[in-house]
Amino acid sequence: MGLVIEANSNHVAERVLLPGDPLRAKYIAESFLDDVICYNEIRGMLGFTGVYKGQRVSVQGTGMGIPSISAYTYELIHDYHVKKLIRVGTCGTIQHDISVKDIIIAMSASTDSNFNYPTFSSFHFSPTANFNLLKRAVDISLEHNLSVKVGSVLTTDLLYTGSPDTNKLFAEHGVLAVEMETAALYTMAAKYGVHALSVLTVSDHIFKDEAISLLERQNCVDTMIKLALDTIIES
Ligand SMILES: O=P(O)(O)O[C@H]1O[C@H](CO)[C@@H](O)[C@H]1O
Ligand SMILES: O=c1cc[nH]c(=O)[nH]1
């Protein structure tokens, strides 16, 4: 039992989906898993374990931003021996040929955060997805004719102060979207020798007046959730 997760040691599966929103965790557990138990309610950051296509899978809310996801990821790996983690998040795209509701599979993540500075000092670590999870997610997308974009994302510390110039600069370097957790997830997975991937549904277009409503958001994430569940049990 840690500071943010209160589960018994055997209540969390080796494979975990990580939505930022704890209510998305509840939605995933209720809609996609059988034989569900809720193992965490600390801070309202809900965590569930259930069965998907015969395999145990957990789903843990992470909250928003690097400090929050880092705490959940740390305890899942250290206290509960989790081996595979797939973030199922939302993001804002900065590319003109990507639209709301599209799915992005994050190959790598740049960041404006200094969270890696104490470890690497003046060097810059490149947070990267696990190749096997990435390949499996892409293969499943092709098998099911899902339209997904694979590429890099920008993990920012702040939701509301993203400068248009910075977003434009990253867009010009081929970055697909902005979100707030992937760089930390990939760095922790690399550090502790586990596998991680981020799959993201585009909730808004940062340069256009396009966004899905909070209500719509729940329905739009179903394709991403099924993709992440199939990926995590098959790899
Ligand atoms: O929908 P989630 O998974 O929370 O992800 C995105 O949404 C939040 C911002 O609205 C940030 O956490 C961002 O990364
Ligand atoms: O624009 C957005 C949308 C979702 N999440 C973010 O971090 N930014």
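Counting starts from 1 at the beginning of each chain's written sequence and moves along it residue by residue. The naming scheme follows written order: chains are lettered A onward, ligands numbered 1 onward. Selection of residues for local features in this predicted model requires a pLDDT of at least 70, selection of side-chain atom pairs for listing and counting requires 80 or more, and totals for whole chains, interfaces and linings are taken over all residues. Hydrogens and waters are ignored; side-chain quantities use all the structure's heavy atoms.

Some words on the site of ligand 1
Okay, step 1: Close to ligand 1 lie G20, D21, R24, M64, R87, G89, T90, L159, E179, M180 and E181.
Okay, step 2: Here a polar contact is taken to be a pair of N or O atoms separated by no more than 3.5 Å, where protein atoms must pair a possible hydrogen donor with a possible acceptor and residues adjacent in sequence count only if both atoms sit in side chains. Contact distances for ligand 1 include 2.7 Å between an oxygen atom and a side-chain N or O atom of R24.
Okay, step 3: Points on a 1 Å grid over protein atoms alone make up a cavity when a 1.4 Å probe fits among them but cannot get out, and a pocket when they form an open set with protein on both sides within 12 Å along at least five of seven lines; lining residues each have an atom within 4 Å of a point. Each molecule is assigned to a cavity or pocket provided more than half of its atoms lie within 2 Å of the corresponding grid points. Of all the cavities here, the one that holds ligand 1 is the largest pocket.
Okay, step 4: Segments assigned H or I by DSSP are reported as helices when at least four residues long, segments assigned E as strands when at least two residues long, and all are numbered from the N terminus. Here the shell around ligand 1 takes three residues from strand β5 (residues 84–93), the largest share from any one element. We call a residue near a molecule or strand when any one of its heavy atoms sits within 4 Å of it.

Details of the UniProt feature "active site" (unreviewed entry) in the protein chain
Okay, step 1: UniProt positions are given in the numbering used here, feature names are shortened, and annotations may be inferred rather than shown by experiment. As recorded in UniProt, the feature "active site" (unreviewed entry) lies at D204.
Okay, step 2: When you line up the elements, D204 lands in strand β9 (residues 195–205).
Okay, step 3: Working rule for contacts: check all heavy atoms of both residues, and any pair within 4.5 Å makes them a contact. In this structure, D204 is in contact with C91, G92, T93, V100, E210 and A211, ignoring residues within four places of it in sequence.

Considering the nonpolar core
Okay, step 1: Counting residues in hydrophobic clusters, the biggest one holds 67 residues, and the most contacted among them are L17, L76, I104 and L197.
Okay, step 2: In this structure L76 touches I5, V12, V16, L18, Y39, Q60, H81, V82 and L85, once residues within four positions along its chain are discounted.
Okay, step 3: In this description, a nonpolar core means a group of buried Ala, Val, Leu, Ile, Met, Phe, Trp, Tyr and Cys residues linked to one another through side-chain atoms lying within 4.5 Å. Only protein chains enter the calculation, and the probe is 1.4 Å; a residue is then buried if its accessible area is under 20% of its type maximum, exposed if over 50%, and partly exposed in between. Ranked by size, the runner-up nonpolar core spans five residues in total, among them I94, A171, V175 and V178.

Description of a nonpolar patch on the surface
Okay, step 1: Patches were defined on residues exceeding 30% relative accessible area and lacking a salt bridge, with like-charge contacts within 9 Å and nonpolar side-chain contacts (Val, Leu, Ile, Met, Phe, Trp, Tyr) within 5 Å. Computed by Shrake-Rupley with a 1.4 Å probe, the accessible areas treat only the displayed protein chains as cover when residues are assessed. Salt bridges are counted wherever a side-chain nitrogen of Lys or Arg sits within 4 Å of a carboxyl oxygen of Asp or Glu. Nonpolar side chains collect at one region of the surface, where M64, L159 and Y160 lie side by side and expose about 430 Å² of accessible area between them.
Okay, step 2: Among the secondary structure elements, M64 is positioned in the loop between β4 (55–60) and α2 (66–78).

Concerning the environment of V59
Okay, step 1: Among the secondary structure elements, V59 is positioned in strand β4.
Okay, step 2: For V59, a relative accessible area of 1% corresponds to the buried category.
Okay, step 3: What V59 contacts, discounting residues up to four positions off in sequence, is V16, L17, P19, A25, I28, A29, L33, Y39, L46, G47 and F48.

Side note on the packing of α2 against helix α6 (residues 182–192)
Okay, step 1: As a rule, the C-alpha atoms of each element are fitted with a line to give its axis, helices using only the stretch in contact, and angles between N-to-C directions run from 0 to 180 degrees. It is the contact of α2 with α6, at a shortest axis distance of 9 Å, that shows an interaxial angle of 30°. Classified by the interaxial angle, the pair formed by α2 and α6 is roughly parallel. Crossing handedness for the pair α2 and α6: right-handed. Contacts between α2 and α6 involve I66, I69, S70, T73, Y74, I77 and H78 from the first element and A184, L185, M188 and Y192 from the second. Put simply, angles under 35 degrees are roughly parallel, angles over 145 are roughly antiparallel, angles from 65 to 115 are roughly perpendicular, and the rest are oblique. Rotating anticlockwise by less than a right angle from the far helix to the near helix defines a left-handed crossing, while the corresponding clockwise rotation defines a right-handed one.

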